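Notes for the structure review
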Amino acid sequence: DEVGLGKTIEAGIVLCQYWAERRRRLLVICPASIRKQWALEIEEKFSLPTVVLDAKAYRVAKREGRDPIQPGAILILSFHFAHALRDALKSIQWDLVVIDEAHKLRNAYRPSNKVGQGIRWATEDCRKLLLTATPLQNSLLELYGLSTLIDERLFGDVNAFRAQYASAGSDLGALRARLSSFCKRTLRNQVTEYIRYTERRPITRPFRPTDDEHALYEAVSGFLQRKDSYALPRRQRHLTALILRKLLASSSPAIAATLDILRQRLETLRDERLQSDPELAERLVESEEIEGDLLDEILWDEDTAEAGDQPSEPIDRRKLGEEIEALRNLAAEARRIGTDTKSQTLLKALEIGFEQMATTGAARKAVVFTESRRTQEYLKGFLESHGYAGQVVLFNGTNGGPEATAIYEQWALRNRDTGRASGSRAVDVRTALIEHFRDDATILLATEAAAEGVNLQFCSLVVNYDLPWNPQRIEQRIGRCHRYGQKHDVVVINFLNERNDADRRVLELLTEKFSLF
């Protein structure tokens, strides 16, 4: 079902039915960040017992002589821990396995997808209920991937599926008919008879960078187009260039720091003669918290997965020295820009958004999504020095730092005796930051970590400071606010750099991909 239509509740009703029939070997597999949320929903709304099993709880149960896998309650596991326990899970005939955010396993049919393969193998003989708002992200093959979790024989092999449904002249009517027996899709417009959803009001905010900013864009683009550059690893040249373009579109501090990383890598190459860094792209994606789909889409693509590194040739030290100098100059140029046009545009966008909030009586709250941790930190400083001091809260994958820790400690103190604390800092700090945003702050500056499993019905302004390349990411972001319980129209502001070809192309692709769904 679309975002915010109550998939967790529907799954809870099914779990309740199984429990009532005394079929009680029940397993829920979901992202680690929403395990506690699942436990609370099942306990509060259905009065069913749950156990969230992580490594610590597993060790305690073993020490006390209890079977951690069969606790006499609904067992809730993260994707990675389910993969780690695959042998133990395989030994039990589960009555039902619920997989939430199932699209994360859409590549489970590929041997390279270790977690997906492990979960698929461990649960292959069990009934399964897969939940996702975004079954399709970029390709019809993802439907094939999800179908293999239910039964790998539903469509034959991947080549048969590709030939029948994912090539020119394919029969989509036949695909719909095949899907109808195991795939149920509910859209918001089908339930308006029962639930009144507020409207979405999209606004595109175009901006024109200064000549200095555009010169930097052109210079970095020129560098990325160099043939046989040492700065970009051969195996992941395309992917690394894409990441740099994304960061270039995000902010000057983000691209400056990344150019420094490339320069340091080349200096290591010059001094220690290291021949390759095959994980550079993964490290950049992880450190900045760029959408992980970008990695999935390109890194594990059959065409590139087999390519491997080409044999190394002797290093041209003069050329290497030139590249190191070019990267140093580009980073310095990026730092000279200071406050860029895009951040000035954000101030104006927030002003417009908050004016609209005032007319509808909505709370003065905004969630701003960026694809870079460095941009996030830069924007916090910028907004606090431009009228929002003490009103900005950061939300990202680690949620570390003194400010988040202080908010978490106060929350833990207040909730000491309420039973709401999960015992996991990572889970509880998310709850603490969201409640701090709801009660005390005005702006939530979020990376992709806030696009799933977070409920923000109290906020009705979503700003896509950086556009993701995957349109379903936008749907996930907006769905945090535009969901059941939202009382006001949701204003969505998208930024468009009129002088950045990649940005314009992303907007075109997003529009095209939306029509696929």
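Right, let's walk through the structure included here. (Residues numbered from 1 in each chain as written. Predicted model: local features only at pLDDT ≥ 70, side-chain atom pairs only at ≥ 80, totals over all residues. Heavy atoms only, no water.)

1. Brief notes about helix α7 (residues 141-150)
Within α7, nine of the 10 residues are buried, which leaves it mostly tucked inside the rest of the structure. Those residues of α7 that fall on the buried side of the exposure criterion are Leu-141, Glu-142, Leu-143, Tyr-144, Gly-145, Leu-146, Ser-147, Thr-148 and Leu-149. Summarising the contacts, the buried residues of α7 are in contact with α6 (114-122), β5 (128-130), α8 (158-165) and α9 (172-179). (Buried < 20%, exposed > 50% of the residue type's maximum accessible area, 1.4 Å probe, protein only. Helix = DSSP H or I, 4+ residues; strand = E, 2+ residues; numbered from the N terminus. Contact = heavy atoms within 4.5 Å.)

2. As for the side chain of Arg-263
Structurally, Arg-263 can be placed in helix α12 (residues 252-272). Arg-263 gets classed as buried once you look at its relative accessible area, which sits at 15%. Those residues within four positions of Arg-263 in sequence are excluded, and the remaining contacts are Ile-324, Leu-327 and Arg-328.

3. Describing the packing of helix α10 (residues 211-224) against helix α11 (residues 237-250)
Each pair of packed helices can be described by the angle between their axes along with the distance between the axes. Look at α10 against α11: their axes get within 11 Å of each other, and the N-to-C directions meet at 175 degrees. By the criterion of interaxial angle, the relationship of α10 to α11 is roughly antiparallel. For the pair α10 and α11, the contacting residues are Leu-216, Tyr-217, Val-220, Ser-221 and Leu-224 in the first and Ala-241, Leu-244, Arg-245 and Leu-248 in the second. Residues belonging to the contact of α10 with α11 are distributed by class as follows: seven nonpolar, one polar and one charged. (Axes fitted to C-alpha atoms, helices over the stretch in contact; angles between N-to-C directions. Parallel < 35°, antiparallel > 145°, perpendicular 65-115°, else oblique. Nonpolar A, V, L, I, M, F, W, Y, C, P; charged D, E, K, R; others polar.)

4. So, the sheet that holds strand β10 (residues 461-464)
Paired through their backbone hydrogen bonds, the strands of a sheet run either parallel or antiparallel. Strand order in the open sheet made by the six strands is β6-β11-β10-β7-β9-β8, with parallel pairing throughout. Strands with a single pairing partner mark the edges of an open sheet, and in this sheet they are β6 (200-207) and β8 (392-395). With strand direction ignored, the average angle separating the axes of adjacent strands in the sheet is 20 degrees. (Pairing = 2+ DSSP bridges.)

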